[in-house]
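Breakdown of the fold
The chain contents come next:
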Amino acid sequence: MPLTRLSRSFLAAPILSLLFACSDSSDNTPPTASEPDTFSATIRRTEFGIPHIKANDWASLGYGYGYAYAQDNYCILMREIVTATGRSAELMGEEEGDIERDLF
């Protein structure tokens, strides 16, 4: 037997009340904007240029890794970004850009 609109609302009411009762906020005030996260990492390089990154948390470690990668591979990184956004022929010309990849 299919559920009618009235029986659906009787089923939905207890489910919704359980969801609202189980929420962990005691008031309905919206969350305030917090200060942006700051990352701190120390990058030391060996005599061969290998980066060693020291950080206090995972987010800062990721920031340090990205910074060291950008220092070492800036041109490669920018070329990948230009190719991924489909602007290689526009920014690098027809000889170096890939028009077919830009269109698809």
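Residues numbered from 1 in each chain as written. Predicted model: local features only at pLDDT ≥ 70, side-chain atom pairs only at ≥ 80, totals over all residues. Heavy atoms only, no water.

1. Thoughts on the overall build of the protein
The following threshold applies: Under the scheme used here, helices are H or I runs from DSSP no shorter than 4 residues and strands are E runs no shorter than 2 residues, and both carry numbers assigned from the N terminus. Residue exposure (1.4 Å probe, protein chains only): buried if accessible area is under 20% of the type maximum, exposed if over 50%, otherwise partly exposed. Contacts: residue pairs with any heavy atoms within 4.5 Å of one another. Throughout, the Shrake-Rupley method with a 1.4 Å probe supplies accessible areas, and for residues the shown protein chains are the sole cover considered.
Secondary structure summary: the protein contains 5 helices and 2 strands in total. If you list the helices and strands of the protein from N to C, you get α-β-β-α-α-α-α. Taking all 104 residues of the protein together, the buried fraction comes to 9%. By sequence separation, contacts in the protein at least 24 residues apart represent 9% of the contacts at least 6 residues apart. Accessible area of the protein: about 9,600 Å², with a carbon and sulfur share of 59%.

2. Looking at a nonpolar patch on the surface
Quick note on the threshold: Patch criteria: residues need more than 30% relative accessible area and no salt bridge. Like-charged residues are merged within 9 Å; nonpolar side chains of Val, Leu, Ile, Met, Phe, Trp and Tyr are merged within 5 Å. Throughout this description, the term salt bridge denotes a Lys or Arg side-chain nitrogen within 4 Å of a carboxyl oxygen of Asp or Glu.
On the surface, Phe39, Tyr63 and Tyr67 cluster together to form a nonpolar patch covering roughly 330 Å² of accessible area. Exposure remark for tyrosine 63: the relative accessible area of 44% places this residue in the partly exposed category.

3. Some points on the pairing of strand E1 (residues 41–45)
Put simply, the rule reads: Between any two strands, at least two bridges found by DSSP are needed for them to pair.
When E1 meets strand E2 (residues 51–55), the two strands line up antiparallel, connected through 5 bridges. Of the residues in E2, the one forming a bridge with arginine 44 is histidine 52. Adjacent in sequence and paired antiparallel, E1 and E2 are bridged by 5 residues, among which glycine 49 carries a positive phi angle near 90 degrees.

4. Some words on helix H2 (residues 58–72)
Applied cut-off: For a helix, the expected span equals 1.5 Å multiplied by the residue count minus one. As used here, the arc belongs to the directions running from the helix axis to the C-beta atoms.
Across its 15 residues, H2 extends 21 Å between first and last C-alpha, which sits within 8% of the 21 Å expected from 1.5 Å per residue. Turning to H2, its buried residues are Ser60, Gly64 and Ala68. Seen along its axis, H2 keeps its buried residues to an arc of 70 degrees; they face one direction. Residues Trp58 and Tyr65 are exposed on H2 and point more than 90 degrees away from its buried face. Looking at the buried positions of H2, the neighbouring elements they touch are E1 and E2.

5. What about the packing of aromatic side chains?
Short version of the rule: Only Phe, Tyr and Trp rings are paired, with Trp represented by its six-membered ring, and only when their centres lie within 6.5 Å; those with planes under 30 degrees apart are stacked, over 60 edge-to-face, the remainder tilted.
On inspection of all chains with the given rule, the structure shows 2 aromatic pairs. Summarising the aromatic geometry, the rings of phenylalanine 39 and tyrosine 63 are spaced 5.7 Å apart at their centres and angled 25 degrees between planes, so their arrangement reads as stacked. Residue phenylalanine 39 is located in the loop between helix H1 (5–21) and E1, and its partner tyrosine 63 is located in helix H2; the two are separated by 24 residues in the primary sequence. Relative accessible area serves as the criterion here: at 40%, phenylalanine 39 is assigned to the partly exposed category. A centroid spacing of 6.3 Å and a plane angle of 35 degrees characterise the contact between tyrosine 63 and tyrosine 67, whose relative ring orientation is tilted. Of the two residues, tyrosine 63 and tyrosine 67 both sit in helix H2, 4 residues apart, roughly one turn of that helix. Judged by relative accessible area, which is 44%, tyrosine 67 ranks as partly exposed.

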